[in-house]
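What follows is each chain in one-letter form.
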Amino acid sequence: MSKLPNTDSQKTQIVGRGDATAAPADLDNLMTTIRTRVAGTLVITDGPGKGQTLSFYEGSNSIGRDRNRNVVALDFGDAMIHRDPHAYLTCANRACTLTDAGQQNPVKINGRTLSGTVPVSPGDAIVIGQTTLQLTIG
């Protein structure tokens with residue numbers, strides 16, 4: 001088994017096979033997403049991306065346009081969806097809630113503007129930007 005080289009640096013070393021080492025890793029700037037069991041899907045029923053199906057997971061799922069910042073990335077051309085999280089879909093034991101992330105464009109659920117956190121059910125229509133999503137669980 002190889003040992004890490006003796007360094008004065010506080011950076012983590014990534015070790016390859018054998019004695020080869022790579023450059024220090026900057027773990028402070030590393031985004032990690034741990035995905036657990038798929039809890040359901042969001043089907044895009046209207047707007048850009050119509051017909052696509054996106055999975056979401058048990059736990060908290062950020063929803064937004066930027067694939068690097070969100071678990072559910074709506075990156076198909078709807079510029080009214082924020083790059084940062086636009087909403088959060090949280091699921092546990094087949095029960096889900098939707099929370100508005102406070103962006104300028106409101107999130108709507110079944111035609112009503114979302115305020116705070118509300119429970120969501122299969123078949124609910126969620127509108128973010130110009131995109132309508134339909135929730136399925138399981």
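These notes cover the structure that comes with them. Just so you know, the residues in each chain are numbered from 1, in the order the chain's sequence is written. For a predicted model such as this one, the threshold for reporting local features is a pLDDT of at least 70, and the threshold for listing and counting side-chain atom pairs is 80 or more; totals across whole chains, interfaces and linings nevertheless cover every residue. Here the side-chain values reflect all heavy atoms present in the structure, with hydrogen atoms and water set aside.

1. Side note on the overall build of the chain
Moving on, step 1. A run of H or I in DSSP becomes a helix once it reaches four residues, and a run of E becomes a strand once it reaches two; helices and strands are each numbered from the N terminus. What the chain contains, in helices and strands, is zero helices and 13 strands.
Moving on, step 2. Helices and strands in the chain line up, N terminus first, as β-β-β-β-β-β-β-β-β-β-β-β-β.
Moving on, step 3. A burial count over the chain gives 33% of its 138 residues as buried.
Moving on, step 4. Reported accessibility uses the Shrake-Rupley method at a 1.4 Å probe radius. Residues are deemed covered only where the shown protein chains occlude them. A total accessible area of about 8,500 Å² is found for the chain, and carbon and sulfur atoms account for 48% of it. The rule is simple: take the accessible area with a 1.4 Å probe, protein chains only, and divide by the maximum for that residue type; under 20% is buried, over 50% is exposed, in between is partly exposed.

2. So, the nonpolar core
Moving on, step 1. Core analysis: the largest hydrophobic core is formed by 24 residues, its most contacted members being Leu 42, Phe 56, Leu 74, Leu 89, Leu 98 and Ile 128.
Moving on, step 2. What Ile 128 contacts, discounting residues up to four positions off in sequence, is Ile 63, Leu 74, Asp 78, Ile 81, His 86, Ala 87, Val 107 and Leu 133. As used here, the term nonpolar core means buried Ala, Val, Leu, Ile, Met, Phe, Trp, Tyr and Cys residues forming a set that is joined through side-chain atoms within 4.5 Å. Residues count as neighbours in contact if any of their non-hydrogen atoms are within 4.5 Å of one another.

3. Details of the sheet that holds strand 4 (residues 53-57)
Moving on, step 1. Only when DSSP finds a minimum of two bridges between them are two strands counted as paired. With antiparallel pairing, the six strands of this open sheet are ordered in space as 4-3-13-12-9-10. Strand pairing shows two members of the sheet lacking a second neighbour, strand 4 and strand 10 (112-113), which therefore form its edges.
Moving on, step 2. Where strand 12 (residues 125-128) lies against strand 13 (residues 131-137), four bridges are found, and the strand directions are antiparallel. In the sheet register, Ile 128 faces strand 13, and the bridge partner there is Thr 131.

4. Some points on the state of the cysteines
Moving on, step 1. Any pair of cysteine sulfurs within 2.5 Å is marked as a disulfide. By the definition in use, this model includes one disulfide.
Moving on, step 2. Between the sulfur of Cys 91 and that of Cys 96 lies a disulfide, 2.2 Å long from S to S. Since a negative S-S torsion denotes a left-handed disulfide, the Cys 91-Cys 96 link at about 115° is right-handed.
Moving on, step 3. In this structure Cys 96 comes out as buried when scored by relative accessible area, which is 3%.

5. Looking at unusual backbone geometry
Peptide bonds are mostly trans, and most non-glycine residues show a negative phi.
Moving on, step 1. Of note, the phi angle at Asn 93 is positive, near 55°, even though the residue is not glycine.
Moving on, step 2. Its location among the elements puts Asn 93 in the loop between strand 7 (87-92) and strand 8 (95-100).

6. Concerning the sheet that holds strand 6 (residues 72-73)
Moving on, step 1. What the five strands build is an open sheet, ordered 6-5-7-8-11; its pairing is mixed. Two strands close off the open sheet at either side, each with one partner strand: strand 6 and strand 11 (117-120).
Moving on, step 2. Of the pairings in the sheet, the one linking strand 7 to strand 8 comprises six bridges and is antiparallel in character. Bridge pairing links Thr 90 to Thr 97 in strand 8.

7. Considering the pairing of strand 4
Moving on, step 1. In the sheet, strand 3 (residues 38-46) pairs with strand 4 via five bridges, with the strands oriented antiparallel. Within strand 4, the position partnered with Gly 40 by the bridge is Phe 56.
Moving on, step 2. Adjacent in sequence and paired antiparallel, strand 3 and strand 4 are bridged by six residues, among which Gly 47 carries a positive phi angle near 95°.

8. What to know about the environment of His 82
Moving on, step 1. In this structure, His 82 sits in the loop between strand 6 and strand 7.
Moving on, step 2. Through-space distance from the C-alpha of His 82 to that of Ile 128 is 9.1 Å; in sequence the pair is 46 residues apart.
Moving on, step 3. When neighbours within four sequence positions are excluded, His 82 is seen to be in contact with Gly 64, Arg 65 and Gln 103.
Moving on, step 4. A 3.5 Å cut-off defines polar contacts: any pair of N or O atoms within that distance qualifies, except that in protein one atom must be a possible hydrogen donor and the other a possible acceptor, and neighbouring residues in sequence count only when both atoms are side-chain atoms. Looking at His 82, its side chain comes within polar contact range of the main-chain nitrogen of Asp 84, at 2.9 Å.
Moving on, step 5. Among the polar contacts made by the side chain of His 82, one reaches the side chain of Gln 103 at a distance of 3.3 Å.

In short, geometric facts, not functional conclusions.
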